[in-house]
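Listed here are the chains, written in short residue letters.
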Amino acid sequence: MLYGSIVKRLTLRMFDLVNAQEYDTVMENCSPDVTHQFGGHHALGGKRYGAAALRRWFDRLGRLVPSLQLHVQEIWVKGPPWNTVVVARWIGDGTFPDGSPYENHGVHIIHIRWGKVTSLDANEDSEVVAKLMNALVATGVEEAGNPPLT
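Residues numbered from 1 in each chain as written. Predicted model: local features only at pLDDT ≥ 70, side-chain atom pairs only at ≥ 80, totals over all residues. Heavy atoms only, no water.

Caption draft 1: Molecular detail of the sheet that holds strand β6 (residues 116-124). Taking strand neighbours across the sheet as the criterion, the six strands line up as β2-β1-β6-β5-β4-β3 in an open arrangement whose pairing is mixed. What marks the edges here is a single partner per strand, and that holds for β2 (46-49) and β3 (69-78). Between one strand axis and the next, the sheet turns by 15° as a mean value, whatever way the strands run. Pairing geometry for strand β1 (residues 30-38) and β6, over five bridges, is parallel. Residue pairing for β6: F38 is matched across the bridge by A122. (Pairing = 2+ DSSP bridges. Helix = DSSP H or I, 4+ residues; strand = E, 2+ residues; numbered from the N terminus. Axes fitted to C-alpha atoms, helices over the stretch in contact; angles between N-to-C directions.)

What follows is the structure in structure tokens.
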């Protein structure tokens, strides 16, 4: 019970750090061989292997969606410190290039081993993300039209 409470608190902190674009601190909590999957066929989609690839993805996220804020609604924690699974349900908001609101929702499934994230699987409405990427491309943000990072 105490361990689960600590993991919930740390998970909330990690989401706060992502919102603040404090990606270096987020990366300190990831294993070197972390895997990251983000749904969809767009600049943020795909699967990455290793901390360097995940860091490049975070950099791209910060450039493409600097207004993004993820608001955690619920967190579930299961397992011991050597095999912990965290499920975090969230609502995300930001703005489209024209100033209209961007809204999305999703669930992250996070695997942790001895305090380090070993895998991060983001499940969101990928069509909403693709719509945002297309809107960015239409305003001249070429990177939003790039293929996923690997």
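Caption draft 2: Seen up close, the packing of aromatic side chains. Counted according to the given criterion, the structure contains five aromatic pairs. Considering the side-chain rings of W57 and F58, the 5.4 Å spacing of their centres and the 70° angle between planes classify their relative orientation as edge-to-face. Ring geometry for W82 against W114: centres 5.7 Å apart, planes inclined by 40°, an arrangement best described as tilted. Linking W82 in the loop between β3 and β4 (84-95) with W114 in the loop between β5 (101-113) and β6, this pair joins segments that are 32 residues apart in sequence. (Phe/Tyr/Trp six-rings, centres within 6.5 Å; stacked < 30°, edge-to-face > 60°.)

Caption draft 3: Summary view of the pattern of salt bridges. Here the structure, examined in full by the defined rule, presents five salt bridges. Measuring nitrogen to oxygen at the nearest pair gives 3.2 Å for the salt bridge that ties E143 to R60. In this pair, E143 sits in the segment after α4 (126-138) while R60 sits in helix α3 (residues 51-64), placing the two residues 83 residues apart along the sequence. Here E143 and R60 have matching classes, each one buried. The salt bridge involving R89 is made with E74; its shortest N-O contact spans 2.8 Å. On the criterion of sequence distance, the pair formed by R89 in strand β4 and E74 in strand β3 is long-range, its members being 15 residues apart. Accessibility expressed as a relative area gives 31% for R89, which makes it partly exposed. One network of salt bridges, in which partners are shared, links D24, R55 and D59. (Salt bridge = Lys/Arg side-chain N within 4 Å of Asp/Glu carboxyl O. Buried < 20%, exposed > 50% of the residue type's maximum accessible area, 1.4 Å probe, protein only.)

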